[in-house]
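Here is how the chains run, residue by residue.
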Amino acid sequence: MQHLVNARGLAGRIRVDSAGTSGYHINQGADRRMRTAAAARGYDLTSRSRMVTARDLSEFDMVIAMDRDNFRELHALCDGPNERIHLLSDYLDESWPREVPDPYYGGDAGFEQVLDMLEAACPRLLDELASSTTASPP
C-alpha cells in the first residue's frame, strides 16, 4: 500500500501503517519469505510488527482486517460498531477468497497469493480513501 501511495504522489496526504491483533513477533520485520516475494515485485518491506491499539481505531480513517477473526478482534477493541474497520476482501471481486490466507506455515506460493490479493485490492482501497473528505495530512 505504501508503494502505491508513493507512486500516486499521496505520501504527504495518506499515512500507511501496519499492526497485528496478536502479540506474536512484536518488533520483528516481515517474514523472510514475504520480504523475498515482495522484493521480486519491487516492494521494500521495512516496517516492524506491533499490536493494534484502540487509539488506532479512532486515529486512522480506515483499518483493514485480513480475515474475519481479525475483523471481530478489531471491533472488540471498540465501544461499539466502527465503520472505519473493513475486510480487505471488501475491495476484491468475487473471484478472490473472502479472507486473506495466512501463508506462514505453507510454501512460497502462499506469499505470492497474499501479494496478488493486496495488489488487486489496494488500488480500489486507495481510490476510496483518497476521495474521502476525511482523508487529511498526518
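Conventions and cut-offs
- Residues numbered from 1 in each chain as written.
- Predicted model: local features only at pLDDT ≥ 70, side-chain atom pairs only at ≥ 80, totals over all residues.
- Heavy atoms only, no water.
- Helix = DSSP H or I, 4+ residues; strand = E, 2+ residues; numbered from the N terminus.
- Rg over C-alpha atoms; globule rule 2.2 N^0.38 Å.
- Buried < 20%, exposed > 50% of the residue type's maximum accessible area, 1.4 Å probe, protein only.
- Contact = heavy atoms within 4.5 Å.
- Phe/Tyr/Trp six-rings, centres within 6.5 Å; stacked < 30°, edge-to-face > 60°.
- Arc of directions from axis to C-beta.
- Polar contact = N/O pair within 3.5 Å; in protein donor to acceptor, adjacent residues only side chain to side chain.
- Axes fitted to C-alpha atoms, helices over the stretch in contact; angles between N-to-C directions.
- Parallel < 35°, antiparallel > 145°, perpendicular 65-115°, else oblique.
- Left-handed = near helix turned anticlockwise from the far one by under 90°.
- Nonpolar A, V, L, I, M, F, W, Y, C, P; charged D, E, K, R; others polar.
- Salt bridge = Lys/Arg side-chain N within 4 Å of Asp/Glu carboxyl O.

Asks: Can you lay out the overall build of the chain for me, pointing to particular residues and giving the numbers?
Replies: Of the regular secondary structure elements, the chain holds 5 helices and 2 strands. In sequence order, the secondary structure elements of the chain are arranged as α-α-α-β-α-β-α. The C-alpha radius of gyration computed for the chain amounts to 15 Å, which stays within 12% of the reference 14 Å derived for 138 residues, consistent with globular compactness. By its C-alpha atoms, the chain is 40 × 35 × 35 Å across when sized along the principal axes.

Asks: Tell me about the side chain of D56, and please be specific about residues and values.
Replies: Mapped onto the elements, D56 comes out in helix α3 (residues 56–59). Residue D56 is classed as buried on the basis of its relative accessible area of 7%. In this structure, D56 is in contact with A19, R50, M51 and V63, ignoring residues within four places of it in sequence.

Asks: Could you give me a rundown of the packing of aromatic side chains, with the residues and numbers involved?
Replies: Counted by the stated rule, this structure contains 1 aromatic pair. Between Y104 and Y105, the ring centres sit 4.9 Å apart and the planes meet at 85 degrees, which makes this aromatic pair edge-to-face. On the accessibility criterion, Y105 (76% relative accessible area) is exposed.

Asks: Describe helix α2 (residues 32–40), and please don't skip the residues or the numbers.
Replies: All of the buried residues along α2 are R33, M34, A37 and A38. Seen end-on, α2 carries its buried residues on one side only, within an arc spanning 130 degrees. Across from the buried face of α2, at angles greater than 90 degrees, the exposed residues are R32 and A40. Taken together, the buried residues of α2 touch α5 (108–131). A side-chain oxygen of the first residue of α2 lies 2.7 Å from the backbone nitrogen of R33; this N-cap is D31. Within two residues after α2, G42 carries a phi angle of roughly 90 degrees, on the positive side.

Asks: Could you give me a rundown of the packing of α2 against α5, with the residues and numbers involved?
Replies: Their axes nearest at 9 Å, the elements α2 and α5 cross at an angle of 55 degrees. If you check the angle between α2 and α5, you find them oblique. For the crossing formed where α2 meets α5, the hand is right-handed. The residues of α5 that touch α2, namely those facing R33, M34, A37 and A38, are D108, F111, E112, V114 and L115. Here the residues of the contact of α2 with α5 sort into 6 nonpolar, no polar and 3 charged.

Asks: I'd like to hear about the environment of T46, residue by residue, with values.
Replies: With respect to the helices and strands, T46 occurs in the loop between α2 and α3. Distance from T46 to G29, taken between C-alpha atoms, is 6.6 Å for residues 17 residues apart in sequence.

Asks: Tell me about the pattern of salt bridges, and please be specific about residues and values.
Replies: In the structure shown here, the tally under the stated rule is 11 salt bridges. Ionic pairing is found between D56 and R50, a salt bridge with its closest N-O pair at 2.9 Å. Judged by its relative accessible area of 25%, R50 falls in the partly exposed class. Salt bridges linked by common partners bring R41, E112, D116 and E119 together as one network.

Everything listed is a geometric property; what it means functionally is a separate question.
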